[in-house]
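# Coordinates in review
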Amino acid sequence: VEAKIVLVTDDDFPQLLSPLPACPSALWFRGSLDAVSLASVGVVGSRRCTQYGIEQATSFSKEIVEADIAVVSGGARGIDAASHRAALKYGGLTGAVLGSGLNVVYPPEHLSLFDSIVEMGGVVMSEFPCHRLPRPSYFPRRNRIVSGLSSVVLVVEAARRSGALITARIA
């Protein structure tokens, strides 16, 4: 995967991230950072979600992109994937923030989803070097970036102890 890097000191670094207390010093990315340069809505939720949750993530993401606002999420199974897919289906922009390096597609079945995000003008990004394997501790770090890029965070479905609620708490 051919990735680019943007440093916090660069003009094209996402400005919404700069004020974060734990702002990443660099982001590796594929696609266009323009997708997350303006206000976005974070749509997050459970990996093990219900069909109702998928329907709600799809419905909300459709409305968000039809209002010319990007959808940002974590690229995970379940609600995240449904929100990214809906943004693409309805002609909007979406940004996926990964908890691994860009050359380590996680979850592996989302390779075509991430490629579609890039092809449709969105962005797939990570604060981790390209070959970094996912670790449980990386996902809360990813969540702070999802939150930082979002003017609003919508939690569709989440367990009491979940990454989605971490994202909401950070927001």
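Everything below is about the structure printed above this text.
All values derive from a computational prediction rather than experimental measurement. (Residues numbered from 1 in each chain as written. Predicted model: local features only at pLDDT ≥ 70, side-chain atom pairs only at ≥ 80, totals over all residues. Heavy atoms only, no water.)

Within the protein chain one finds 5 helices and 7 strands. Starting at the N terminus and ending at the C terminus, the protein chain contains elements arranged as β-β-β-α-β-α-β-α-β-α-β-α. Compactness check: the protein chain gives a C-alpha radius of gyration of 14 Å against a globular reference of 16 Å for 171 residues, within 12% of the reference. With the C-alpha coordinates aligned to their principal axes, the bounding extent of the protein chain is approximately 40 × 30 × 30 Å. A total of 171 residues make up the protein chain; the buried ones form 48% of that total. For the protein chain, the share of sequence-separated contacts (at least 6 apart) that also reach a separation of at least 24 residues comes to 71%. Approximately 8400 Å² of the protein chain is accessible, and the part contributed by carbon and sulfur atoms is 53%. (Helix = DSSP H or I, 4+ residues; strand = E, 2+ residues; numbered from the N terminus. Rg over C-alpha atoms; globule rule 2.2 N^0.38 Å. Buried < 20%, exposed > 50% of the residue type's maximum accessible area, 1.4 Å probe, protein only. Contact = heavy atoms within 4.5 Å. Areas by Shrake-Rupley, 256 points an atom, 1.4 Å probe, with all protein chains shown as cover.)

Time to look at the pattern of salt bridges. This model, assessed by the stated rule, comprises 5 salt bridges. As a salt-bridge pair, Glu-109 and Arg-77 come within 2.5 Å of each other at their nearest N and O atoms. One end of the pair, Glu-109, is in the loop between strand E5 (94-97) and helix H3 (111-119); the other, Arg-77, is in the loop between strand E4 (70-73) and helix H2 (79-89), and 32 residues separate them in sequence. Using a relative accessible area of 43% as the deciding quantity, one classes Glu-109 as partly exposed. Where Glu-127 meets Arg-144, a salt bridge forms, and the shortest distance between an N and an O atom there is 2.6 Å. Taken together, the positions of Glu-127 in the loop between strand E6 (123-126) and helix H4 (138-148) and Arg-144 in helix H4 put the pair 17 residues apart, joining distant regions of the chain. Taken as a pair, Glu-127 and Arg-144 share a single burial class, namely buried. Look at the salt bridges and you will find they share partners, linking Glu-127, Arg-141 and Arg-144 into a network. (Salt bridge = Lys/Arg side-chain N within 4 Å of Asp/Glu carboxyl O.)

Our next topic: the pairing of strand E3 (residues 40-44). In summary, the side chains of a regular strand alternate between the two faces of the sheet. Among the 5 residues in E3, 5 count as buried, and that is most of the element. Residues Ser-40, Gly-42 and Val-44 point to one face of E3 and Val-41 and Val-43 to the other, with burial holding for every one of them. One ladder, built from 3 bridges, connects E3 with E4; its direction is parallel. Across the sheet, the residue bridging to Val-41 is Val-71, located in E4. Taken together, E3, helix H1 (residues 51-66) and E4 constitute a β-α-β crossover, and its handedness is right-handed. By the bridge criterion, 4 bridges tie E3 to strand E7 (residues 152-155) in an arrangement that is parallel. Bridge pairing in E7 links Gly-42 to Val-153. (Pairing = 2+ DSSP bridges. Right-handed = clockwise from strand over helix to strand, strands pointing away.)

Let us now look at the pairing of E6. Covered by surrounding structure in E6 are Val-123 and Met-125 together with Val-124 and Ser-126, the residues of both alternating faces. Bridge count between strand E2 (residues 26-31) and E6: 4 bridges; the pairing is antiparallel. Among the inter-strand pairings, Arg-30 is bridged to a residue of E6, identified as Val-124. Alignment of E5 against E6, held across 3 bridges, turns out to be parallel. Paired with Ala-96 across the strands is Val-124, a residue of E6. As for the winding sense of the linkage, the β-α-β connection from E5 through H3 to E6 is right-handed.

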